[in-house]
Amino acid sequence: MSDDAPIAGGWFAGVDPDDLEAGASAIREGERSHPRDWPALAVESGFADDEREYYDLLKETTARATKAAVSEAERADDRQLVHAVRAMDDCERTANELAERLAEWAGTVDSEAGTGIEYARSLSSGGRSLEADDRRIVSLAERTASLADEADELREFVERRTPTVAPNLAALAGPVLGARLISLAGGLENLAKKPSGTIQVLGAEDALFAHLRGHAPSPKHGIIYVHDAVRGTHPDERGSAARALAGKLAIAARIDHYSGDLKPELEDELDGRIRTIRARTDGKPDADGGSDE
Amino acid sequence: MSEPALPDGVERRSFDGTERLATRGEAVYGEPTDGDWRAWNPRRSKLGAMLELGMETGLAGGETVLYLGAASGTTVSHVADFAGPTYAVEFAARPARDLLEAADSRPRLFPLLADARKPETYAHVVESDVDVVVQDVATRGQARVALENRRFLADDGRLLLAVKARSENVARDPAAVFEDVRHELADGYDLLECRRLDGYHVDHEAIVARPR
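All values derive from a computational prediction rather than experimental measurement.

Asks: Even after reading the chapter, I still don't get the overall build of chain B, so can you show me in this structure?
Replies: A tally of regular secondary structure across chain B gives six helices and eleven strands. A compact globule built from 212 residues should have a C-alpha radius of gyration of about 17 Å, and chain B, at 16 Å, falls within 12% of that. In terms of principal-axis extent, the alpha carbons of chain B reach across some 45 × 40 × 35 Å. Of all 212 residues assigned to chain B, the portion counted as buried reaches 57%. Counted over contacts in chain B with a minimum sequence separation of 6, partners at least 24 positions apart contribute 55%. Distance between charge centres in chain B, computed from 27 positive and 37 negative side chains, equals 4 Å.

Asks: How should I be thinking about the environment of L21(B) in this particular structure?
Replies: Residues and elements named next belong to chain B. Summarising the element assignment, L21 is placed in strand β2 (residues 18-24). By relative accessible area, which is 0% here, L21 ends up buried. A sequence separation of 28 residues divides L21 from A49, and the C-alpha atoms of the two residues are 9.7 Å apart. Dropping the residues within four chain positions of it, L21 is found in contact with L6, V10, E11, R12, F15, R38, A39, W40, G48, L51 and E52.

Asks: What should I look at first to understand the UniProt feature "binding site: S-adenosyl-L-methionine" (unreviewed entry) in chain B in this one?
Replies: Residue and element names in this part refer to chain B. In this numbering, the UniProt entry assigns the feature "binding site: S-adenosyl-L-methionine" (unreviewed entry) to T74, T75, E90, F91, D115, A116, D136, V137, A138 and T139. None of the other annotated residues line the largest cavity; only T75 and D136 do. Position of F91 among the secondary structure elements: in the loop between β6 (86-90) and α3 (93-104). Residue class for F91 comes out exposed when judged on its relative accessible area of 53%. Not counting residues within four places of it along the chain, the set of residues in contact with F91 comprises L113, A114, D115 and R117. Relative to the elements of secondary structure, V137 occurs in the loop between β8 (130-135) and α4 (142-148). Each residue touching V137, except ones within four places of it in the same chain, is listed here: L68, G69, A116, Q142 and V145.

Asks: Explanation requested: a nonpolar patch on the surface in the structure shown.
Replies: Taken together, the side chains of F209(A), L212(A) and V170(B) present a nonpolar region at the surface, about 200 Å² in accessible area. By secondary structure assignment, the location of F209(A) is in helix α11 (residues 205-212).

Asks: Please explain the packing of helix α4 (residues 77-106) of chain A against helix α6 (residues 135-165) of chain A as it appears in this structure.
Replies: Packed helices, taken two at a time, are described by the angle between their axes plus the distance between the axes. All names here are of chain A. It is the contact of α4 with α6, at a shortest axis distance of 8 Å, that shows an interaxial angle of 155 degrees. Between α4 and α6, the angle falls in the class roughly antiparallel. Where α4 crosses over α6, the handedness of that crossing is left-handed. Class assignment for the residues of the contact of α4 with α6 results in 22 nonpolar, four polar and eight charged.

Asks: Even after reading the chapter, I still don't get the sheet that holds strand β3 (residues 33-34) of chain B, so can you show me in this structure?
Replies: Whenever strands of a sheet pair, they do so through backbone hydrogen bonds, lying parallel or antiparallel. If you walk across this open sheet you meet the four strands as β1-β2-β4-β3 (chain B), and the pairing is antiparallel. Either end of the sheet is taken by a strand with one partner, and the two such strands are β1 (10-15) and β3 of chain B.

Asks: I keep staring at the side chain of D203(B) and nothing clicks. Help me out?
Replies: All names here are of chain B. The topology assignment puts D203 in the loop between β10 (189-196) and β11 (204-211). We classify D203 as buried; its relative accessible area is 15%. A polar atom in the side chain of D203 sits 3.3 Å from the side chain of R166. Ignoring sequence-local partners within four residues, the contact set of D203 consists of V163, K164, A165, R166, P174, F178, R196 and D198.

Asks: Honestly, the pairing of β1(B) in this entry has me stumped. Any pointers?
Replies: Consecutive side chains of a regular strand alternate in pointing toward one face of the sheet and then the other. Residue and element names in this part refer to chain B. Alignment of β1 against β2, held across six bridges, turns out to be antiparallel. Residue pairing for β2: V10 is matched across the bridge by T23. Remark: two residues form the turn of the hairpin made by β1 and β2, two consecutive strands paired antiparallel; D16 in that turn has positive phi of roughly 50 degrees.

About the cut-offs
Every chain begins its residue count from 1, and numbering advances along the sequence as written. Ligands are numbered from 1 and chains lettered from A, in the order in which they are written. Only residues with pLDDT of at least 70 are given local features in this predicted model, and only at 80 or more are side-chain atom pairs given and counted; all residues enter the totals for whole chains, interfaces and linings. To obtain the side-chain values, all non-hydrogen atoms of the structure were included, while hydrogens and water were left out. Only DSSP runs of H or I reaching four residues or more are called helices, and only runs of E reaching two or more are called strands; each is numbered from the N terminus. Radius of gyration: over C-alpha atoms. The globule rule applied is 2.2 Å multiplied by the number of residues raised to the 0.38 power. Think of it in three bands: with a 1.4 Å probe and only protein chains considered, a residue is buried below 20% of the maximum accessible area for its type, exposed above 50%, and partly exposed in between. Contacts are residue-level and defined by heavy atoms, with any inter-residue pair within 4.5 Å sufficient. A positive count includes Lys and Arg, and a negative count includes Asp and Glu. His and the chain ends are not counted in either. Every charge is mapped onto a representative atom, which is NZ of Lys, CZ of Arg, CG of Asp or CD of Glu. UniProt positions are given in the numbering used here, feature names are shortened, and annotations may be inferred rather than shown by experiment. In the cavity and pocket records, a cavity denotes points on a 1 Å grid over the protein atoms alone where a 1.4 Å probe fits but cannot get out, a pocket denotes an open set with protein on both sides within 12 Å along at least 5 of 7 lines, and lining residues are residues with an atom within 4 Å of a point. Think of a patch as exposed residues, more than 30% relative accessible area, with no salt bridge, where like charges cluster within 9 Å and nonpolar side chains (Val, Leu, Ile, Met, Phe, Trp, Tyr) cluster within 5 Å. Computed by Shrake-Rupley with a 1.4 Å probe, the accessible areas treat only the displayed protein chains as cover when residues are assessed. Salt bridge, as used here, is a side-chain nitrogen of Lys or Arg placed within 4 Å of a carboxyl oxygen of Asp or Glu. Note on definitions: angles span 0 to 180 degrees between N-to-C directions of axes, and those axes are lines fitted to C-alpha atoms, for helices only across the stretch in contact. Oblique is the label for any angle not under 35 degrees, not over 145, and not in the 65 to 115 range, which are roughly parallel, roughly antiparallel and roughly perpendicular in turn. Left-handed is the label given to a crossing in which the near helix is rotated counterclockwise from the far helix by less than a right angle, and right-handed is the label when the rotation is clockwise. For this classification, the nonpolar set comprises Ala, Val, Leu, Ile, Met, Phe, Trp, Tyr, Cys and Pro, the charged set comprises Asp, Glu, Lys and Arg, and every other residue, Gly included, is treated as polar. Two strands pair under a simple rule: DSSP has to find at least two bridges between them. Under this definition, polar contacts are N or O atom pairs within 3.5 Å; protein pairs additionally need one hydrogen-donor-capable and one acceptor-capable atom, and for neighbouring residues in sequence, both atoms have to be side-chain atoms.

Here it is, written out as structure tokens:
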């Protein structure tokens, strides 16, 4: 762009006022260090007849540019994964709640009523017959069962999707935990930018903030607790195991976001590290220290 | 409390028997409405709290505004109701989706998906010499953001800044955080009024400033 043009660098420079698409991409891609009196310059250069028309054009164009940028960002694969894993958790939780309600209700009419999703499935598949009056109970069972099915299908979707979005993370953490970490961080890019100490306590925010305010010990692990490397380690050494795991997960997320290569050696490195950590507690009684998030 | 005048287009009106701030426009977040008027909830809006507390914002109505950290558009929609051309900058895509909806019915509200820490990514769109910069970004380095965006502000313009202590440092005493922010801001601004928003927003301080 020539510097002598007074509108150089303005979003509308060289843009046909009728071509909204070109204007929108100029808004999304343009850069300039300092602002100028764009409305006046636009009128001066003939882009718009008056200020009013300029603002009308600006309105249409910014709306279009932002809409496009938003849907691009939202459609990205990691965003889809975040929604899927959150929906999976919601479906599971809701199905369990409904199954509890169902068990309580069905228990009043069926002396052999069972509990949980399994009972909801047997009721809905006609495995147990109730009186015609109890139609509402059976219907509730059907809905509960199908919600549980949806949760299962979402889990399959997550298991299939995570390895394509974040192959190293999925290999190291498992697809569901990998997706949960992406979800907690708010996207793969965000996860890749987090230090491993933060990844170590993702999901334990309450405990972390209580600690930072000074009235609690620091949490040793957040959601990564469900990983075998942590859970399968003696409670005395879980902090170390969580630290080692979080370190490798951070590296995995960074590779996935920035390069996308596969690094199978990460898994071996982690295994070796965990073996060393576990060796420290060899011979100690396996105190079944419950979870301490 | 001696009340500075509210900007034109902002009024105290009665909703279900309570006097509340209100502007005229299409409802955005399920707020109570009365004809064209919709209540402005100071608990959900830092600028709303500033007006409710009677701070000297210098707003008169009809200004050109650059709003940083527009989020879902809760506050910026009220601003666009009483101000002139309003540029709304938001960094995150999810809230920007709601912002687009709020902007739909407001012909002079311009939504932009951009990072307020990088003014060069929107200086080709936002005009120079705006009357007011409103800033409500939950990021570390809030003073830095205000200084970076000073380039948009007219010499006699106003910065209306809501500082969130927890975004700077969750562990430090908020008073110390505010002290630091004020100190850093003084590099480019004269601070006219500073006030805690306690009662409306926990650990927030509102600052009215003028470029120096």
